[in-house]
Amino acid sequence: MRFKGFYIGRAQRVAAALLLCMLFECLWIVARQPLSQQDYRFARCGREMWEKPSPLAGYFTTCGNLNGDGTFGYRLAGFPLTAERWVLLAADHFRKPENRLYPGGLSGSTWESRNQLRFVKYLLRLPFVFFAIWLGGGLWWVSRRLFGNEGGGLALALYVFCPAILRTACSPNNETLALWGLYGLVYTAIGVAHALQGPRRKWRPRIILLTFALGMTACAHLLAALIGLALGFILLAYLAERRRSYIAQILIFSSLGATAMVFASFGFRISAFLYVFTGGSARFWFTLENIRSFLAATVVYPVLKAPLPIHGAIVLACVFALVVYCISRPSRYFGNTVPLVIALLLLPIYTTQTVTLPLLWALPFLFTFIGGIFADVLDAARKNPQQRRLMLAATSGLVVAQAALCVGWLVVFTG
């Protein structure tokens, strides 16, 4: 099937089905989870950014300086509510004075305006769901380009049925946006390095895309942007070869553009923008507690009456991939090594100034690595049809098992 120049084959349809499944999972969670204090906080701060920044000197909103995290999540949470308020007031303007629904204006907090603003729960949370689905599409595209249909499909399936991803995607936060930006930033830097080997006319679009990725990541979380910038420098230096003299210029241009984007996200207010450099949001250290929490996450399923690990199949696939990577020399190539190294770097990180979950940033890279290893094993078994069928069955069993664990977690989590 072709649609306006795009080829839609079986792999594309499978990916679309998985992303549609993720959308239904997220809608299920959003519909059944009541609004929390964090939801209202993001709504209040975001609406103040769009509607009326705080007049307090040195502060951007009445929430203070946002605990050191970025403005992207707050703006994304507040914009749909602000846009609905603008639409309601604009429509009310065309009514006769005696027929106006909001004669005194539509002001107050989200809680106070909940009877006027409709679908608050969905307007507040769905933007983050769409960014998580966008990341899933990017994960599939990168993995498929690197490892083929099997690798891309497995990486996307593990992502779609990962409870940690789903829980984060269904609430306002900067984590979803940070992992979206960091994953895109790393592979955009690889794309820029490859473009440097070609004609100059292909450089500018990718450098602009790199600047945009770095800026959006910095608006979500400064630490994620700095890690992405460091990784981008290393990857550019490794891949650029004869064009390494351009790396400094590209990174300086991208950093200046990203800084301008962060300044714009603070409404061009210098007093609030300077807090980026003094708030300590990039302070971090290392711990294994996040990894232990991820491995130990269990849920008591009603049918079995016994606790089961909600990430059990993902952990099993990761262990298998690590073993194959260590014992199989052909699997230790650039496409597999980069996501593995980045995942190992991000997994033990924790921030000391702000409450964030860098472990989530590592999951898309981990899924890419798993997809690459499984694709290598399936490709190696191509000459033996029976062995290949056995490996395909085992891979499908992993996906089905993780999907079953995820569905059980959904039922318990949403009550």
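Look up: the structure comes first, before these words.
The model shown is predicted, which means the values in this text are computed figures rather than measured ones.

The rules behind the values
Residue numbers here run from 1 along each chain, matching the order of that chain's written sequence. The predicted nature of this model means local features are confined to residues of pLDDT at least 70 and side-chain atom pairs, given and counted, to a pLDDT of 80 or more, with totals for whole chains, interfaces and linings taken over all residues. Only heavy atoms go into the side-chain values, all of them from the structure, while hydrogens and water stay out. What counts as a helix is a DSSP run of H or I of at least four residues, what counts as a strand is a run of E of at least two, and both are numbered from the N terminus. Burial status follows relative accessibility: with a 1.4 Å probe on protein chains alone, a residue under 20% of its type maximum counts as buried, one over 50% as exposed, and anything between as partly exposed. Here a residue-residue contact requires only that any non-hydrogen atoms of the pair lie within 4.5 Å. In this scheme, patches are assembled from residues that exceed 30% relative accessible area and form no salt bridge. Like charges are connected within 9 Å, while nonpolar side chains (Val, Leu, Ile, Met, Phe, Trp, Tyr) are connected within 5 Å. Values of accessible area rely on a 1.4 Å probe in the Shrake-Rupley scheme; residue burial ignores everything except the protein chains shown. Throughout this description, the term salt bridge denotes a Lys or Arg side-chain nitrogen within 4 Å of a carboxyl oxygen of Asp or Glu. Between 30 and 60 degrees the pair is tilted, below 30 it is stacked and above 60 it is edge-to-face, where a pair is any two Phe, Tyr or Trp rings, Trp via its six-membered ring, whose centres lie within 6.5 Å. One bridge is not enough; two strands pair if DSSP finds at least two bridges between them.

Draft legend 1. Here's a closer look at the overall build of the chain. Per the secondary structure count, the chain includes 16 helices and six strands. Classification of the 415 residues of the chain by burial places 50% in the buried group. Sequence separation of at least 24 residues holds for 76% of the intrachain contacts in the chain that already meet a minimum separation of 6.

Draft legend 2. Highlighting a nonpolar patch on the surface. Taken together, Phe 284, Trp 285, Phe 286, Leu 345 and Tyr 350 make up a surface patch of nonpolar side chains, about 490 Å² in accessible area. Relative to the helices and strands, Tyr 350 resides in strand S6 (residues 349–351). According to the relative accessible area criterion, Tyr 350 is partly exposed, its value standing at 30%.

Draft legend 3. Broad picture of the packing of aromatic side chains. Evaluated as defined, the whole model comprises 21 aromatic pairs. Residues Phe 131 and Trp 134 carry aromatic rings whose centres are separated by 5.5 Å and whose planes lie at 35° to one another, so their mutual orientation is tilted. Taken together, the positions of Phe 131 and Trp 134, both in helix H4 (residues 120–160) and three residues apart, correspond to about one turn of that helix. Looking at Phe 131, the relative accessible area reads 12%, which means it is buried. Residue Trp 134 is classed as partly exposed on the basis of its relative accessible area, which comes to 49%. Here the aromatic rings of Trp 203 and Tyr 246 are separated by 5.1 Å at their centres, their planes lie at 70°, and the arrangement is edge-to-face.

Draft legend 4. Structural view of the environment of Phe 119. Mapping Phe 119 onto the fold places it in the loop between helix H3 (72–93) and H4. The exposure class of Phe 119 is exposed, given its relative accessible area of 62%. The sequence separation of Phe 119 and Leu 81 amounts to 38 residues, and the corresponding C-alpha distance is 9.3 Å.

Draft legend 5. Layout of the side chain of Thr 395. In this structure, Thr 395 sits in helix H16 (residues 385–413). Exposure remark for Thr 395: the relative accessible area of 10% places this residue in the buried category. Sequence-distant contacts of Thr 395, that is, excluding residues within four places in its chain, are made with Leu 154 and Phe 374.

Draft legend 6. How the structure looks around unusual backbone geometry. Even without being glycine, Glu 241 reaches a positive phi, approximately 55°. As for its placement among the helices and strands, Glu 241 is situated in the loop between helix H8 (222–239) and helix H9 (247–265). Unusually for a residue other than glycine, Phe 268 sits at a positive phi of about 60°. By relative accessible area, which is 56% here, Phe 268 ends up exposed.

Draft legend 7. Up close: the pairing of strand S4 (residues 298–301). The two faces of S4 differ: Val 299 and Tyr 301 on one face are buried, but Thr 298 and Val 300 on the other face are not. Of the pairings in the sheet, the one linking S4 to strand S5 (residues 306–309) comprises four bridges and is antiparallel in character. Counted as the bridge partner of Val 300 is Pro 307 from S5.

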